[in-house]
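Summary of the model geometry
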Amino acid sequence: MHKLHRFARCCRQLSAMRRVPLLSTNEACSLHTSAVMQVSKGRIDEFFDSADSFGKNELPVKDRPGRSWSVAELRLKSSSDLHKLWYVLLKERNMLLTMEQAYKDAIRVFPNPERLDRVKDSMDNLEAVVRERNNALMELEYGESGATPTKTVTSFMGFKYEKELQEHIEPPHMHAVGKEYETPYLDDDAHMMQKLWEEKEWWKRRNMAEELGRRTRKDRSKIVYSERQLRSD
Amino acid sequence: MTTLTKVLLRASNKYTELGYNRHMPKSYVERVTQAVPRRVYDNRFGAPAITRWRLHPDDVEHGEFRPWEQKAVNNTLTKVRDYHKHKLMQKYHQRGLPQQRIPDELWTMLKGDLVQVMIGKDKGKKGKIAYIVKERNWVFVEGLHMKRTISDDLERMKKMGVQQFPSLREQPLDVAKGEVMLVDPKDEQPCEAEWVLNEDQSDYIRVSKESGVEIPIPSIAFQTYEYNDPKTYREVELKDTSVELTLERTYKPSLSTFEEDISKEQGIDERRTLKPTYWY
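Quantities reported herein were computed from a predicted structural model and do not represent experimental measurements.

Another point: the overall build of chain A. Along chain A, the regular secondary structure elements total seven helices and three strands. Taken over 233 residues, chain A has a buried fraction of 32%. Counted over contacts in chain A with a minimum sequence separation of 6, partners at least 24 positions apart contribute 66%. Summed over all atoms, the accessible surface of chain A reaches about 15400 Å², with 55% contributed by carbon and sulfur.

Structure, rendered in structure tokens:
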């Protein structure tokens, strides 16, 4: 285990969560009767940030939560753990968005807005891991991944591009969309469109290369470490 | 030794990650530097999308403040405003060149290192690195290469009739131009350094190119925005997960999807079969 390894953020301890049982009907009833007691125990606090941070522009170093969950760490977790973790992250995101709005209303600075990005990163990684597992199983059992299928089509302007397919109940011959396909040859209009488009793009690239050359010649001190990326827009 | 074991035992180049914003989410830095699309014009019958940026990523200029600090944010906002004003007035706007930053694999300067200044009135003097801006290849040396400056706040104080005091501030030194160099621990002469594998091939170390002596990494080099020292880091209560829990392996491969696992756990017994559908 690497000493410098730092641990993922915004999670209640998983072991603590494992101890929380699912609510049976009786327990759900008792919740109603003791609602006030639950509030006084601090359950409503979970919707807000800790009171120490209120009105601060930035959290002190000791209160700054760690980094987001990485894909490698999430791959170690079972489906059940991932499911729980998703709701922990969702709760945290809800809390942060609430606090952000509250600070906005009060025209104050929301401390450490990067926490929202950390939660988003974690949730994206979690989704990626779930998709990865499901796709692996699909490939094993059916020989194809569960991802949305795509096909190459040619537009009326002569561009060939990948199009995401949609799910339909009717077979393709009953729909106009079903008849889109890739054409090997373009008609006259599309052909001319493509020729002119290529010419325009070529001029853009050439002008940009000239411009970059002119400006680098002006400042010879610049050291080039990698090939320049030419920008077309 | 199998190929897989070799791959697993290969030393990781973790030194490339060292830096103050090591754990800062990339999306957050993009957001505060305004290097995000303002609008993407897409769905153009196969023609590539047109992106109108808030500030083109090549125009982002990192300065002596971290991108999320208030002064840096103010500078960025001014830049964004000017750019869109030029666009509206159809004025010529010279876009910035892509940053020529030293690749992380070749970057050897770390916070707390003893370095020698090679230019200016402090030429030949040695000092410790206080601040690094990797994006600009900049290094600030403690108490060296200083300039008398009047900060913005003091200018405002002058307007209000308060006496202003000029203060000394460190100025940036460019590593790519050789304005600052590491000091060789053997003969205390300026040297270039490189990252090489150590004897048992387990980790990368920094050695001087001249003498081949190892230059130790100062502990302050591991400082990030979240902590000063990873060894003394304490998990934030109710927010962080502990080391043991994070690295605990609870996944057991099985022939069921995520949804099936959860249905089974929740006692959902779904027996209906889906009708065939067509994808087009």
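Following the structure, the description resumes.
Quick look at the overall build of chain B now. Across its full length, chain B carries six helices and 13 strands. The C-alpha radius of gyration of chain B comes to 26 Å, more than 25% above the 19 Å expected for a compact globule of 280 residues. Along the first, second and third principal axes, the C-alpha set of chain B runs to 80 × 65 × 45 Å. Burial analysis of chain B (280 residues in total) assigns 35% to the buried set. Considering only contacts within chain B whose residues lie at least 6 apart along the sequence, 55% involve residues at least 24 apart. Split by element, the accessible area of chain B, about 18200 Å² in all, is 50% carbon and sulfur. Considering chain B, the positive charge centre built from 47 side chains and the negative charge centre built from 44 side chains are found 8 Å apart.

The next thing to look at is the nonpolar core. Ranked by internal contacts, the top residues of the largest apolar core, which has 18 residues, are A:Leu74, A:Leu82, A:Leu85, A:Leu89, A:Leu96, A:Phe110 and A:Leu126. Listed by contribution, the elements that provide at least two residues to this core are α5 (79-105) and α6 (114-142) of chain A together with α6 (258-266) of chain B. The biggest single contributor to this core is α5(A), with seven residues. Counting residues in hydrophobic clusters, the runner-up holds 17 residues, among them B:Met109, B:Ile132, B:Val180 and B:Leu182.

Another point: the packing of aromatic side chains. For the structure shown, the criterion picks out 13 aromatic pairs over all chains. Centroid distance B:Tyr227 to B:Tyr233: 5.7 Å. Interplanar angle 65 degrees. Geometry classified as edge-to-face. The exposure class of B:Tyr227 is buried, given its relative accessible area of 3%. In this structure B:Tyr233 comes out as buried when scored by relative accessible area, which is 17%. Put simply, the rings of B:Tyr20, B:Tyr28, B:Trp68 and B:Tyr225 pair up and form one aromatic cluster. Between A:Arg64 and the ring centre of B:Tyr225, over which it is positioned, the NZ or CZ distance is 4.0 Å.

According to UniProt, the "domain: Large ribosomal subunit protein uL24 C-terminal" (unreviewed entry) feature falls on residues 169-215 of chain B. The straight-line gap between the two end C-alpha atoms of residues 169-215 of chain B is 28 Å; of that span, 0% is helix and 43% is strand.

This part covers the interface of chain A and chain B. Listed as interface residues are 80 residues of chain A and, on the opposing side, 61 residues of chain B. Buried area between chain A and chain B, both sides added, is near 6900 Å², and the carbon and sulfur share of it is 58%. Across the chain A-chain B interface, the total number found is three salt bridges. For A:Asp117, the salt bridge goes to B:Arg31, with nearest N and O atoms at 2.4 Å. Counting across the interface, chain A meets chain B through 26 residue pairs in polar contact (both at pLDDT 80 or more).

The subject of this paragraph is the sheet that holds strand β3 (residues 114-117) of chain B. Residues and elements named next belong to chain B. Pairing within the open sheet is antiparallel, and its six strands lie in the order β8-β5-β4-β3-β9-β10. In the strand order of this sheet, the two ends are held by β8 (173-174) and β10 (190-191), each with one partner. Both β3 and strand β9 (residues 180-183) contribute to a ladder of three bridges, which runs antiparallel. Its bridge partner lying in β9, Val117 is registered against Val180.

Turning our eyes to something else, we now look at the pattern of salt bridges. For the structure shown, the criterion picks out 25 salt bridges over all chains. In this structure, A:Lys91 and A:Glu46 form a salt bridge, with 2.6 Å as the shortest nitrogen-oxygen distance. Taken together, the residues A:Lys91 in helix α5 and A:Glu46 in the loop between α3 (35-40) and α4 (71-74) connect sequence positions 45 residues apart. By relative accessible area, which is 43% here, A:Lys91 ends up partly exposed. Residue B:Asp104 is joined to B:Lys134 by a salt bridge in which the shortest nitrogen-to-oxygen separation is 3.6 Å.

What follows is about the domain arrangement of chain B. The parts lose accessible area when they come together, and the size of an interface is often stated as this lost area. Residue and element names in this part refer to chain B. According to the domain assignment, chain B consists of domain 1 (22-89) and domain 2 (114-222). Each of domain 1 and domain 2 has a C-alpha centre, and the two are 29 Å apart. Facing six residues of domain 1, the contacting portion of domain 2 comprises eight residues. In this assembly, domain 1 packs against domain 2 so that about 780 Å² is buried in total across both faces, 42% of it on carbon and sulfur atoms. Contact with domain 2 buries surface across domain 1, with His62, Glu64 and Arg66 losing the most and accounting together for 63% of the total. The residue Arg169 makes a salt bridge to Glu64 at a minimum N-O spacing of 3.3 Å. At the boundary of domain 1 and domain 2, one finds five residue pairs in polar contact (both at pLDDT 80 or more). Looking at side-chain class alone, the side of domain 1 that touches domain 2 contains one nonpolar, two polar and three charged residues.

So, about the environment of B:Arg52. All names here are of chain B. Mapping Arg52 onto the fold places it in strand β2 (residues 50-53). C-alpha separation for the pair Arg52 and Tyr41, spaced eleven residues apart in sequence, amounts to 8.0 Å. Residues contacting Arg52, with those up to four places away along its chain left out, are Pro37, Arg38, Arg39, Tyr41, His84 and Lys87. One polar contact links Arg52 to His84, side chain to side chain, over a distance of 2.9 Å.

Annotation from UniProt places "domain: KOW" (unreviewed entry) at residues 111-142 of chain B. Along residues 111-142 of chain B the backbone is 0% helical and 50% strand, and the end-to-end C-alpha distance reaches 10 Å.

Once that is clear, we can look at the pairing of strand β2 (residues 160-164) of chain A. Residue and element names in this part refer to chain A. Taken together, the five bridges between strand β1 (residues 150-154) and β2 define a ladder with antiparallel strand orientation. Bridging from a neighbouring strand, Thr152 pairs with Glu162 of β2. The antiparallel hairpin formed by β1 and β2 contains five residues in its connecting segment, where Gly158 sits at a positive phi of about 95 degrees.

Conventions used here
Numbering of residues begins from 1 in every chain and follows the order in which that chain's sequence is written. In the order they appear in the text, chains get letters beginning with A and ligands get numbers beginning with 1. Local features in this predicted model are restricted to residues of pLDDT 70 or higher, and side-chain atom pairs are both shown and tallied only at a pLDDT of 80 or more, whereas totals for entire chains, interfaces and linings draw on every residue. With hydrogens and water set aside, each side-chain value is computed from the structure's full complement of heavy atoms. Counting from the N terminus, the helices are the DSSP runs of H or I reaching at least four residues and the strands are the DSSP runs of E reaching at least two. Residue exposure (1.4 Å probe, protein chains only): buried if accessible area is under 20% of the type maximum, exposed if over 50%, otherwise partly exposed. The contact rule is simple, with two residues in contact once any of their heavy atoms fall within 4.5 Å. Exposure was quantified through the Shrake-Rupley algorithm and a 1.4 Å probe, taking into account, for residues, occlusion by the shown protein chains and nothing else. What the globule rule says is 2.2 Å times the number of residues to the power 0.38, and the radius of gyration is computed from C-alpha atoms. Charge counting treats Lys and Arg as positive and Asp and Glu as negative, with His and both chain ends excluded. A single reference atom marks each charge: NZ on Lys, CZ on Arg, CG on Asp, CD on Glu. For this analysis, a nonpolar core means a set of buried residues of the types Ala, Val, Leu, Ile, Met, Phe, Trp, Tyr and Cys, connected via side-chain atoms within 4.5 Å. Centres within 6.5 Å are what make two rings of Phe, Tyr or Trp a pair, Trp counting through its six-membered ring; a difference in plane orientation under 30 degrees is then read as stacked, over 60 as edge-to-face, and the rest as tilted. Whether a charge sits over a ring comes down to the Lys NZ or Arg CZ being within 6 Å of the ring centre and within 35 degrees of the ring normal. UniProt positions are given in the numbering used here, feature names are shortened, and annotations may be inferred rather than shown by experiment. Simply put, the buried area is the total loss of 1.4 Å probe accessible area from both parts when two parts are fitted together. Salt-bridge detection follows one rule: a side-chain nitrogen of Lys or Arg within 4 Å of a carboxyl oxygen of Asp or Glu. Each polar contact in these results corresponds to two N or O atoms within 3.5 Å; when the atoms are within protein, one needs to be able to donate a hydrogen and the other to accept it, and residues that are neighboring in sequence are counted only if both atoms are side-chain atoms. Strands are labelled as partners when DSSP assigns at least two bridges between them. A domain assignment, automatic or from a database, supplies the domain bounds used here. Classification convention: Asp, Glu, Lys, Arg as charged; Ala, Val, Leu, Ile, Met, Phe, Trp, Tyr, Cys, Pro as nonpolar; all other residues, Gly among them, as polar.

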